[in-house]
Amino acid sequence: MENSDSTRCFVRDVKRIVIKVGTAVVTGQNGRLAMGRLGALCEQVKELNFQGYEVILVTSGAVGVGRQRLKYRKLINSSFADLQNPQLDLDGKACAAVGQSGLMAIYDTLFSQLDVTSSQLLVTDRDFRDPSFGHQLRETVVSLLDLKVIPVFNENDAISTRKAPYEDSSGIFWDNDSLATLLAKELDADLLIMLSDVEGLFSGPPSDPQSKIIHTYINDKHGKLINFGEKSRVGRGGMQAKVAAAVSAASKGVPAVIASGFVVDSIIKVMRGEKIGTLFHNEANIWDCSKEVTTREMAVAAKDCSRHLQNLSSEERKKILLDIADALEANEDLIVSENEADLAVAQDSGYEKSLVSRMTLKAGRITSLAGSIRAIADMEDPISHTVKKTELAKDLVYEKMYCPLGVLLIIFESRPDALVQIAALAIRSGNGLLLKGGKEAMRSNTILHKVITSVIPDAVGKKLIGLVKSKDEIADLLKLDDVIDLVIPRGSNRLVSQIKAATKIPVLGHADGICHVYIDKSADMDMAKRIVLDAKVDYPAACNAMETLLVHKDLNKTEGLDDLLMELANEGVVIYGGPVAHDTLKVPKVDSFHHEYSSMACTLEFVDDVQSAIDHINRYGSAHTDCIITTDKKSADTFLQQVDSAAVFHNASTRFCDGTRFGLGAEVGISTGRIHARGPVGVDGLLTTRCILRGSGQIVNGDKGVVYTHKDLPLH
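Everything quoted here is computed from the prediction, not taken from an experiment.

Engineer: Summarise the nonpolar core; cite the residues concerned and give the values.
Structural biologist: Ranked by size, the top nonpolar core spans 50 residues in total, and within it Leu328, Leu433, Leu435 and Ile465 carry the most contacts. The element best represented in this core is helix H16 (residues 416-429), accounting for nine residues. What Leu435 contacts, discounting residues up to four positions off in sequence, is Ile410, Phe412, Leu419, Ile422, Ile465, Gly466, Leu467 and Val468. Grouped together as the second largest cluster of nonpolar side chains are 37 residues, Leu103, Val116, Val152 and Leu191 included.

Engineer: I'd like a description of the pairing of strand E19 (residues 647-650), backed by residues and values.
Structural biologist: Of the two faces of E19, the one holding Ala647 and Phe649 is buried and the one holding Val648 and His650 is not buried anywhere. Following the backbone out of strand E18 (residues 625-629), through helix H23 (residues 633-642) and into the adjacent parallel E19, one traces a crossover that is right-handed.

Engineer: Could you give an account of the packing of aromatic side chains, naming the residues involved and the relevant values?
Structural biologist: Applying the stated criterion across every chain yields a total of five aromatic pairs. A ring pair is formed by Tyr518 and Phe639, whose centres lie 6.5 Å apart and whose planes are at 15°; its orientation type is stacked. In this pair, Tyr518 is assigned in strand E14 (residues 515-519) and Phe639 in helix H23, connecting sequence segments 121 residues apart. With a relative accessible area of 0%, Phe639 lands in the buried category. The aromatic ring of Phe262 is capped on one face by Arg37, whose charged end is 3.9 Å from the ring centroid.

Engineer: So, the sheet that holds strand E1 (residues 16-21): which residues are in play, and what are the values?
Structural biologist: Overall, mixed pairing links the seven strands, which are arranged E3-E4-E2-E1-E5-E6-E7 in an open sheet. Two strands close off the open sheet at either side, each with one partner strand: strand E3 (117-123) and strand E7 (278-280). Recorded for the sheet is a direction-independent mean angle of 20° between the axes of neighbouring strands. Along the sheet, helix H9 (residues 239-251) contacts E1, strand E5 (191-196), strand E6 (256-260) and E7; its crossing angle with E5, the most-contacted strand, is approximately 175°.

Engineer: Tell me about the sheet that holds strand E10 (residues 407-412), residues and numbers included.
Structural biologist: Strand pairing in a sheet takes place through backbone hydrogen bonds and is either antiparallel or parallel in direction. Reading across from one edge, E12-E11-E10-E13 is the order of the four strands in this open sheet, with parallel pairing throughout. For this open sheet the edge positions go to strand E12 (465-467) and strand E13 (486-490), each flanked by a neighbour on one side alone. Neighbouring strand axes in the sheet, compared pairwise and without regard to direction, differ in orientation by 15° on average. As paired strands, strand E11 (residues 432-436) and E12 are joined by three bridges and run parallel to one another. Looking at E12, one finds that Leu435 is bridged to Leu467. Of the strands in this sheet, E10, E11, E12 and E13 are in contact with H16, which crosses E11 at around 165°. Sheet strands touched by helix H17 (residues 442-454): E10 and E12. Its angle to E12, the strand with the most contacts, is close to 160°.

The rules behind each value
Residues numbered from 1 in each chain as written. Predicted model: local features only at pLDDT ≥ 70, side-chain atom pairs only at ≥ 80, totals over all residues. Heavy atoms only, no water. Core = buried A, V, L, I, M, F, W, Y, C linked by side-chain atoms within 4.5 Å. Buried < 20%, exposed > 50% of the residue type's maximum accessible area, 1.4 Å probe, protein only. Helix = DSSP H or I, 4+ residues; strand = E, 2+ residues; numbered from the N terminus. Contact = heavy atoms within 4.5 Å. Right-handed = clockwise from strand over helix to strand, strands pointing away. Phe/Tyr/Trp six-rings, centres within 6.5 Å; stacked < 30°, edge-to-face > 60°. Lys NZ or Arg CZ within 6 Å of the ring centre and 35° of its normal. Pairing = 2+ DSSP bridges. Axes fitted to C-alpha atoms, helices over the stretch in contact; angles between N-to-C directions.

Here it is, written out as C-alpha cells:
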C-alpha cells in the first residue's frame, strides 16, 4: 500500500483493539457533538466488528457535552443582571454527570442504526485498587466481545475522588488517555489506536510548514527533541498526554498508533497496515538502528550474489530460468489466490478500473509468463559475448566484451507480472536485482518473489533478488550510488521525475508516453482506421498507446476521416480539438499540449505537411513512439529519419513498441534517453562492455618498442 511500512505488518495478527477517541474528535469547535465524525467512527467500528475484530472503545467528551448543555440551561434561566455579569465557570463533575448520558445515547443510536449493540462501562481510579476488580472486568468484557457487543469505556468524572480532575495526574490513571493504556494492558489488547485532532506526532507545531510527521516514534531519538504545544482546546491534555500514554502502552507490549479522528477511514487504514499516524512499538529502536544497514546490506548482498551468478556456465543460468518457469506453473493457484486478495482490497479502496486491470493476473497469464521465461532462457548467452576483437600489435590482442551492469533497482507500479519479467531478464544478464512494487499489489509481489527465489541455487544465493517492502527504504537505496548501478522506474511520469531528482545513480526510463500517429494526405484510410483504433483502443493505459492524432490538413472534413473519428468516439474515446477543431464532431477546443486527459482521450491536430508533423512531434512529444501512415515512400523516409524518438514506425501501430513483440523475451521498461539503451530494454540493455587485453610481456616505453597493426580479427 502507498504509505505502507514493513514495520506495520504486525497488524495482520491483531485481534483485539482498544480505540481511544479524544474530546476534540467527539465535539466540534462550538462544543457541540461532531455527528459526522462520530458517524464515521461508528461505521469503521462496525466494519471491524463484522470482520471478526474485537473492538473496545474508550471515549472522552462527556464533560464537553455536559458543559454545552449546562451553559444553555444556565442561559435560559438567567436574569438580566446575571447576563450583565456572566459566570462561565461550571463544575466539571456536574458537566460529566449531565453529559455522560447524552454521549452514550448518541453512541447507542448510531450503533443501533448499523445493527451493532454497544454497552457502557464507567470506571474510576479507585476501582482498579481492588485486586478482584481486574478479574471481574476481564470476564465482563470478554462476555460482551463474545456477543459482538462494543464495550464503551469512560472515566466516571462525576464521582472521581480527584479534587481537580483536569489538573491532577496522580493515581493509577488520570485521564482517558492513560485509562486507554491501562485497559489495553488489563484486557490483553493487541493494538491501541488513539484518535486525535491532528494526523499524528509532528517534529514541530503541525501548523509549521517545516514540521514533518513522525511515522515511527523512536524514544531515544524523539523523546528529548519534541516540543509540545498547548493542551487540547477541550480535553485535559494535549499531544504530550497521548504520547506519554502511547509510550507506556508500547513499553508494556501493546503497540499504539496516534492518528487523526478527522479522517473518515483512519482506523481502517491503520488496520490495513498503511503508514498513517505515528506508531509506538517496543522494537522501534531496533528498526531505527538497523534501517541503514538493512538497505545497504540488501544491495551489497545482491551484488555479491550477482558475481556468483556470473561464474555459472550458460547452461546453469539457463536451468535457473527453466526452474523458475516450472515453479510459477506449479504454484499458479497460490499466486492467483494472493492476486485476488490484492484485487479485492484495490476495488474496495476505489482504485481506477485501469489500475485494477493492470494488476490482474488473468487466467492463463502465469502460463504466458512461464513461456516468456523459457524464451529468454533459450536466447544466446549474452555474458562474455565478444563484440569486437582487434590485434593492436603482434601477440597483443584487444577484445570488447559484454558484461552485466551489476545491481539494478527497479521501482514499478501496479503490474505484478513485471516482477517476473524483470527477474528473468536480470538472471539472464547476470545482474543482481532489488525490486519495489506498488502497494496495491503487495501480496502478489510477495508470493511471486518467494516462488522465484525458492529455486535460485545456494551457489548463487537467494539474496540475488531482494524485495523492498517499505516506501521509506527507497530514499535510502537511492543514496547507494556506490553499490547500485542503475535505477529503472516503471510507472507514472511523476514517479520517474521524482526518482531522477532524488538520486545520483543513472536512471533509465521515460517520464511520459506521449505517442503520436500522423496520417499523411496519401494514406490508405482503411489502413489508417485499423492502425489508429489499435494504437488507441487496444490498451489505452499503456505507455505506447496513441495520445495525439496528427492529420494532414487536406483530409479535414473528408469522409474517411469522419468515419475514423466516429469509430473512435464509438469506442468511448474523447477527442479534444486543437487550433483547428473538427466541426462535424463539435470537439472542444483546448490547448492539447497542456491538457491532462485520461487514457480514453486523445488530441486531434491538423498540420500542413509531413515536416510540420515532424516539428510538432519533436517539440511536444516525449520521444517514446511515433508513427506515420502514408503510401508516399519519400514522406515515410523523411519521417523515419527526422523524428527524434526512441521508436519510429511506418504503417504500424504504436502498440508494437514492446519488448516481447520486438523479440526481446520481455522488457524492464522503455527508455527515451539517449545514453545507453533506448526503446524497449531487454537483456542487451542490462549489459555494459569491458575491455580485455591479452599480451605476451609488452610494455609501452614511450611507444618505442611497439609496432601497432590495429587489425580487426574474426570474433570466433
